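# Structural overview for review
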Amino acid sequence: MRVGLFIPCYVDQFYPNAAIATLELLEKLGVEVGYPAQQTCCGQPMANSGYEHLTGGCNDLFVANFAEYDYIVSPSGSCALHIKEHLHTHDNEEAATGIRKKIYELTEFLTDVLKVEKLDAKFPYRVGLHQSCHGQRGLKLAQMTELTASPFSKPGSLLNMVEGVELVPLKRADECCGFGGTFCVAEEAVSAKMGKDRVADHIQAGAEYITAADLSCLMHMEGILKRQKSAVKVIHIAEILNGVKESVA
């Protein structure tokens, strides 16, 4: 099994430790991982702003970088969903179709493809799990609470395999944090208020860390936490599952 590691641009620039943890975790689990060095943005910001017709260059490059791999894995639900639903190319649509079928968000890949049942990791902290909208409602990483259906959470199940993790109960477990990509720019006040509400839920539950499968959401909440001078920190789920170093404490 050869896996292409797709690292979104904001992860590469702002949270490289999450990318490194993703690589290390996959290799620990016996996966042969390749990293196409020429990869760039997947085009999601342009598409979400109404300019999907200008993402042709991003699409062509993505196909050229990742078509040869058996699977493509990314530590980002939103970027993985964008590729899964919107990747097309005039030059090689067959390859684009194949990529849409074999791209996975990290926790989705660990659960559905590798079928991980145990992890050698330790994280002795109270953790609030943020279910990002793209992951939950787009990729179906967790059940939506408004449905009368059996609850499940792929990220939650994996976190429960980590020694010492105590998942704190949230009052609104699947509420949006307000980031929403360009939404946080176009509707700054609404976005900030939603983020403050989301952070407050985690704090009231006693979380020491907030984790998620999407660093865009975590980045939004981290900014709010820092402005509030809160001791609560954010950390990508890959770092916890990989066995984060003690220096994070």
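Residues numbered from 1 in each chain as written. Predicted model: local features only at pLDDT ≥ 70, side-chain atom pairs only at ≥ 80, totals over all residues. Heavy atoms only, no water.

### Re the state of the cysteines
Which entries qualify depends on this criterion: Any cysteine sulfur atom paired with another within 2.5 Å is treated as part of a disulfide. A 1.4 Å probe rolled over the protein chains alone gives each residue an accessible area, and that area as a share of the maximum for its type sets the label: buried under 20%, exposed over 50%, partly exposed in between.
Summed over all chains, the structure comprises zero disulfides. Cys-79 forms no disulfide, and the closest cysteine sulfur to it belongs to Cys-42, at a distance of 4.1 Å. With no disulfide of its own, Cys-217 has Cys-177 as its nearest cysteine by sulfur position, at a separation of 3.9 Å. Assessed through its relative accessible area of 8%, Cys-217 is described here as buried.

### Side note on the sheet that holds strand 4 (residues 103-105)
By definition, the strands of a sheet pair up through backbone hydrogen bonds, in either a parallel or an antiparallel sense. Threshold: Two strands pair under a simple rule: DSSP has to find at least two bridges between them. Working definition: helices are DSSP H or I runs of at least four residues, strands are E runs of at least two. Numbering for both runs from the N terminus. Axis geometry follows a simple rule: fit a line to the C-alpha atoms, using only the stretch in contact for helices, then measure angles between N-to-C directions, giving values from 0 to 180 degrees. Any pair of residues with heavy atoms lying within 4.5 Å of one another is described as a contacting pair.
Strand order in this open sheet of four strands is 2-1-3-4, and the pairing throughout is parallel. Only two strands of the sheet have a single partner each, and these edge strands are strand 2 (32-34) and strand 4. Neighbour to neighbour, the strand axes of the sheet diverge by 35° on average, direction disregarded. Strand direction decides the pairing type here: strand 1 (residues 2-5) and strand 2, joined by three bridges, are parallel. Counted as the bridge partner of Val-3 is Val-33 from strand 2. Its contacts with the sheet put helix 2 (residues 16-28) on strand 1, strand 2 and strand 3 (71-74), and the angle it makes with strand 1 is roughly 175°. Along the sheet, helix 6 (residues 93-102) makes contact with strand 3 and strand 4, crossing strand 4 at roughly 30°.

### Quick word on the packing of helix 11 (residues 188-204) against helix 12 (residues 215-227)
This is how it is decided: Geometric relationships in this document are graded by angle, where less than 35 degrees denotes roughly parallel, more than 145 denotes roughly antiparallel, 65 to 115 denotes roughly perpendicular, and other angles denote oblique.
It is the contact of helix 11 with helix 12, at a shortest axis distance of 9 Å, that shows an interaxial angle of 80°. Taken as axis vectors, helix 11 and helix 12 run roughly perpendicular relative to one another. Across from Ser-191, Ala-192, Gly-195, Lys-196, Arg-198, Val-199 and Ile-203 in helix 11, the residues of helix 12 making contact are His-220, Met-221, Ile-224 and Leu-225.

### Overview of the domain arrangement of the protein
Basically, it comes down to this: Here the bounds of each domain stem from an automatic or database domain assignment. What gets called buried area is simply the loss in accessible area from a 1.4 Å probe that two parts show on being joined, summed for both. Every case where a carboxyl oxygen of Asp or Glu lies within 4 Å of a side-chain nitrogen of Lys or Arg is listed as a salt bridge. Polar contact is defined as a pair of N or O atoms within 3.5 Å, subject to the rule that within protein one atom must be able to donate a hydrogen and the other to accept it, and that residues adjacent in sequence are counted only when both atoms are side-chain atoms.
Segmenting the protein into domains produces domain 1 (2-113) and domain 2 (126-242). Of note, the centres of domain 1 and domain 2, computed from C-alpha atoms alone, are 22 Å apart. Each partner contributes to the interface: domain 1 provides 29 residues, whereas domain 2 provides 20 residues. The contact between domain 1 and domain 2 buries some 2100 Å² in all, and 64% of this surface belongs to carbon and sulfur atoms. Among the residues domain 1 hides against domain 2, the three largest losses belong to Tyr-15, Leu-81 and Thr-107. Together they make up 26% of the total. Summed over the shared surface of domain 1 and domain 2, the result is one salt bridge. Of the charged contacts, one joins Lys-154 and Asp-112 as a salt bridge, the two residues approaching to 2.8 Å between their closest N and O atoms. For the interface between domain 1 and domain 2, the tally reads nine residue pairs in polar contact (both at pLDDT 80 or more). Sort the elements by how many residues they give to the side of domain 1 that touches domain 2 and helix 2 lands first, with seven residues.

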